[in-house]
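# Structural characterization, general
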Amino acid sequence: MQLALSAAELAAIVQPLATRGATDMTVRGLASLATAQAGDLTFLGNPKYKAEVAATAASVVLLPRDFAGEPSAGQLFLLVENPSVALARVCARLEQALWPRPAPGVHASAVVAPGARVAASATVGPLCVVEDGAEVGEGAHLQAQVFLGRNARVGTGCWLMPGVAVTAECVLHERVRLHAGVVVGSDGFGYEFAAGRHEKVPQVGNVEIFPDVEIGANTTVDRARFSRTVIGEGTKIDNLVQIAHNVIIGKHCLLCAQVGISGSTTLADYVVLGGQAGVVGHVTLGQGAQVGGGAAVTRDLAPGAVVNGSPALPLQLERRVAVLRERLPDLFRRVDAMETELARLKKASAA
Amino acid sequence: MQLALSAAELAAIVQPLATRGATDMTVRGLASLATAQAGDLTFLGNPKYKAEVAATAASVVLLPRDFAGEPSAGQLFLLVENPSVALARVCARLEQALWPRPAPGVHASAVVAPGARVAASATVGPLCVVEDGAEVGEGAHLQAQVFLGRNARVGTGCWLMPGVAVTAECVLHERVRLHAGVVVGSDGFGYEFAAGRHEKVPQVGNVEIFPDVEIGANTTVDRARFSRTVIGEGTKIDNLVQIAHNVIIGKHCLLCAQVGISGSTTLADYVVLGGQAGVVGHVTLGQGAQVGGGAAVTRDLAPGAVVNGSPALPLQLERRVAVLRERLPDLFRRVDAMETELARLKKASAA
Amino acid sequence: MQLALSAAELAAIVQPLATRGATDMTVRGLASLATAQAGDLTFLGNPKYKAEVAATAASVVLLPRDFAGEPSAGQLFLLVENPSVALARVCARLEQALWPRPAPGVHASAVVAPGARVAASATVGPLCVVEDGAEVGEGAHLQAQVFLGRNARVGTGCWLMPGVAVTAECVLHERVRLHAGVVVGSDGFGYEFAAGRHEKVPQVGNVEIFPDVEIGANTTVDRARFSRTVIGEGTKIDNLVQIAHNVIIGKHCLLCAQVGISGSTTLADYVVLGGQAGVVGHVTLGQGAQVGGGAAVTRDLAPGAVVNGSPALPLQLERRVAVLRERLPDLFRRVDAMETELARLKKASAA
């Protein structure tokens, strides 16, 4: 990040309760206490790192109001109510620099069908394709090289990053963010086997994505066989995730990278799936269920269930099993020894 | 889907043996018996849902010819030989609406090299790139933002969706469908370690994909080190699958989402791989072998083998092992108890 | 590959120490000894295939200088110091044909912001987007439909293939190769849970990729929350890999396809990860650590550690455990039998 903030500008952003020391440096970077160099801003977000403050080379440090130490020469302490919140304010400012609000309008190089509707405040960036009947809502941003298929709808304030494809008839509600390379509305994987060949089952449903969903780079979401594949409000999905046809995902779920959800499975609200976890088709994961990274869910999960492993087991059992697995060589030796001993005893008792 | 079919239009499509009741509603959606609302079409595809017919709110219901019940007011029953087949006919009609046959020709925004050959009936959509020497066959459709590299060949009736890249020298036979974001012909992952560095082994083969193959969104297929990476006729591959260099896949295989096949491995015909399964390099999976989701295949599989688990074992053994794994804590307790008892007995017998 | 080399041209490339026999065929393909046909070039790279030389149908065979056999009619033997090296020379020539050096310049269809800097010897291909402040170094090649975000930097001799997205502020050093569909600089997956919703934590760092890194198709690399996500010099990454925010990868690592690395994890130099392996967040893998395919690394690894399994264990232990897992049904039977026997003995001794 090409950050460049003077001490005065930083203070204007975080509005400190008090300051200690001073710096002439322009702040050009953010770093942790241990890795910060002159010209960096850092923060004490967790009390356990308190001892690192004295040694940090950062030019500006965000600290809790009751922090007792003194800055070194050329170093500025900004004392605030909550250093993490103060840092988030600086980051939000940085975000605006990273992603400046684009000017509304359709780039001359974009190919927009005459029958498409683009709101006046929306931005359709360079080399996008918007097909007939598609709608781009107020303030929505198709960044570059985005594809929007026939009759697809992009709601108010959505942001579709480079190379995103939202195919025919799919619907995005407000403020949906799709990172680069996301595909929404690819065909579900459905075939019927007849006469030695897999005959395609038409996939004529769509995908509906509710407000405030964010989806990571190169993730794929298949259209339903019919009706809808659904991603509920506020759900966040990481990179390279696969959502199969007719999956219904509730509100405020978290799906980490490389997760795969098979067809017609339902996730209730607040479900969390760790990276690379997989879920078979046609099952239901209850509200707040949590699945560990790499776990394989093969049946329904009750609300609040916490599972791990492959196939997934309740967390406590899985941890115990994982420990015992390492002790299998020892167990086999013990059983061998017992068999020998038992044979000896048996012989002795028979004698 | 913006479906809009009158009762008469539906009847014209499914050609019922008989009808019962009537509806004025325009059919605008498809749904299951339990979730259908007024204005929806539904069907009884499986006898076990027969009891749901009486309560469905659908305006039109596709039913087997011997179905006994009566429609509710404003509801139309269409009695047919096979409700699933009748539904498929409606879906096929819907598919045409979703994906209307594009007009032939090269879009003005596409960049087609002078030395490329595009058949008269082919469609090269907006913002595609077709490099020198590439060929696009009769009726083939490059939808939008597709990349076709030097001397690549796309056969009759192929359909390449937005953002697909087929790189230099790769060959697609007839009717291959590539969903959005598919990459065909990326370099194989090959290096030789020398003087502390990984030196690239040139990857100068290609990929050849036989007729009627379908490949899901964002899947990647690497070109061969030399000669070919092959995907056999009629094979269907889901999203986010990785096919490494020099892999040979037979005919009519099914590869579910996020599967990974390592280099130089061969799959015979009719092999099925469940989601997230992985196969090591340089092995052969015999005809009709079936691999469970998430399984890790580490050696050759005989024709017809059915395996699961990681590393993969024969299905029956793997199921047994999975059950016993849950009982490991109990087994360790039993062995502890036996050791104690055995020591006691030994002591007693020594006394 | 549309290879077409006469025997004389081949000899000029490999500069044989001696030749035996002759051929009139134009060499049009490369193949292994066993699969080669007339018109193919083949080689004896490994002495164990020596017996296959007599039967090969190849028109030209690269052989070690001390090879004793005679060619068949119309077949040419080229005797060289090292047949693998000789083959690599031919492949390098083929590579030039596959990927001819593009002419420098910006294609008329590319959209390059006025404030971007493109070096005179660089190539910006058709339908690329280069945003304001971005830099494209000498000899760099943006092949087609590439996206380069604000202030992103692409070093000398980099090669970005079709559909690659390098987002704002990210930095590629010299000779980085990104295969089709790679995304560099997607947001890290960071949220804070407040009032029942996941609130986004701004991701304002970047990604820095050091010289001679190669990254496979559709792989994703997230930008740091702040500071940098780093990929060290000479590291090679396969297709569909996920690198989360703030990950630090050392020099000359190998990450096979579909690997996932969670946030803030560090890999030292020369680490190797097999396909589909996963690593949790906030751990460190020591220099030269090796992780088997599909393994799940849940804690730090010492330098040189070799692990496998899920969760990962030292290789020898994991192999032993994998074998014993197959013997669990037998172990349970043995324990059942011992319990019966022990009860009998106890009863007898009590009698």
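All values reported here derive from a predicted model rather than from experimental measurement.

### Re the relation of the copies chain A and chain B
- When chain A is fitted to chain B, the best match, at an RMSD of 0.1 Å, comes from turning it 120° and sliding it 0.0 Å along the axis. The transformation relating the two chain copies, once decomposed into turn and shift, fits a three-fold axis.

### Observations regarding the interface of chain A and chain B
- Residue-level contacts link 52 residues of chain A with 53 residues of chain B.
- Breaking the side of chain A that touches chain B down by element, the ones donating at least two residues are strand 19 (183–186), strand 21 (197–200), helix 3 (315–326) and helix 4 (328–350) of chain A.
- For the side of chain A that touches chain B, the leading source of residues is helix 4 of chain A, giving nine residues.
- Classifying every residue of the side of chain A that touches chain B by side-chain character gives 27 nonpolar, 19 polar and six charged.

### Looking at the domain arrangement of chain A
- Domain annotation of chain A identifies domain 1 (7–98), domain 2 (106–316) and domain 3 (322–350).
- On a C-alpha basis, the centres of domain 1 of chain A and domain 2 of chain A stand 39 Å from each other.

### Describing the sheet that holds strand 6 (residues 105–106) of chain A
Residues and elements named next belong to chain A.
- In spatial order, the strands read 6-9-12-15-18-23-26-29-32-35-37-38; together these twelve strands make up an open sheet with mixed pairing. Because the sheet does not close on itself, it has two edges, and the strands there are strand 6 and strand 38 (313–314).
- Bridge analysis of strand 9 (residues 123–124) against strand 12 (residues 141–142) gives two bridges, and the strand direction is parallel. Counterpart to V124 in the pairing with strand 12 is L142.

### Details of helix 2 (residues 83–98) of chain C
All names here are of chain C.
- If you check helix 2, its first and last C-alpha atoms are 22 Å apart, about what 16 residues at 1.5 Å a residue would give, namely 22 Å.
- What helix 2 keeps buried is the set P83, A86, L87, V90, C91, L94 and L98. When helix 2 is viewed along its axis, its buried side chains cluster within an angular range of 140° and face the same direction.
- Packed against the buried residues of helix 2 are helix 1 (7–14), strand 3 (40–43), strand 4 (60–64) and strand 5 (76–80).

### Quick look at the interface of chain A and chain C
- Residue-level contacts link 53 residues of chain A with 52 residues of chain C.
- When the residues that make up the side of chain A that touches chain C are grouped by side-chain class, the tally is 27 nonpolar, 19 polar and seven charged.

### Comments concerning the environment of S72 of chain B
- Within the secondary structure, S72 of chain B sits in the loop between strand 4 (60–64) and strand 5 (76–80).
- With 14 C-beta atoms packed within 10 Å, S72 of chain B lands in the partly exposed category.

### Looking at the environment of G196 of chain B
All names here are of chain B.
- Residue position: G196 is located in the loop between strand 20 (191–194) and strand 21 (197–200).
- For G196, a count of 10 C-beta atoms within 10 Å corresponds to the exposed category.
- C-alpha of G196 to C-alpha of C128: the two residues are 68 residues apart in sequence and 41 Å apart in space.

Calculation rules
- Residues numbered from 1 in each chain as written.
- Chains lettered and ligands numbered in written order.
- Predicted model: local features only at pLDDT ≥ 70, side-chain atom pairs only at ≥ 80, totals over all residues.
- Least-squares fit on C-alpha atoms with pLDDT ≥ 70 in both.
- Contact = placed C-beta atoms within 7 Å.
- Helix = DSSP H or I, 4+ residues; strand = E, 2+ residues; numbered from the N terminus.
- Nonpolar A, V, L, I, M, F, W, Y, C, P; charged D, E, K, R; others polar.
- Domains from an automatic or database assignment.
- Pairing = 2+ DSSP bridges.
- Expected span 1.5 Å × (residues − 1).
- Buried ≥ 20, exposed ≤ 12 C-beta atoms within 10 Å, placed from the backbone.
- Arc of directions from axis to C-beta.

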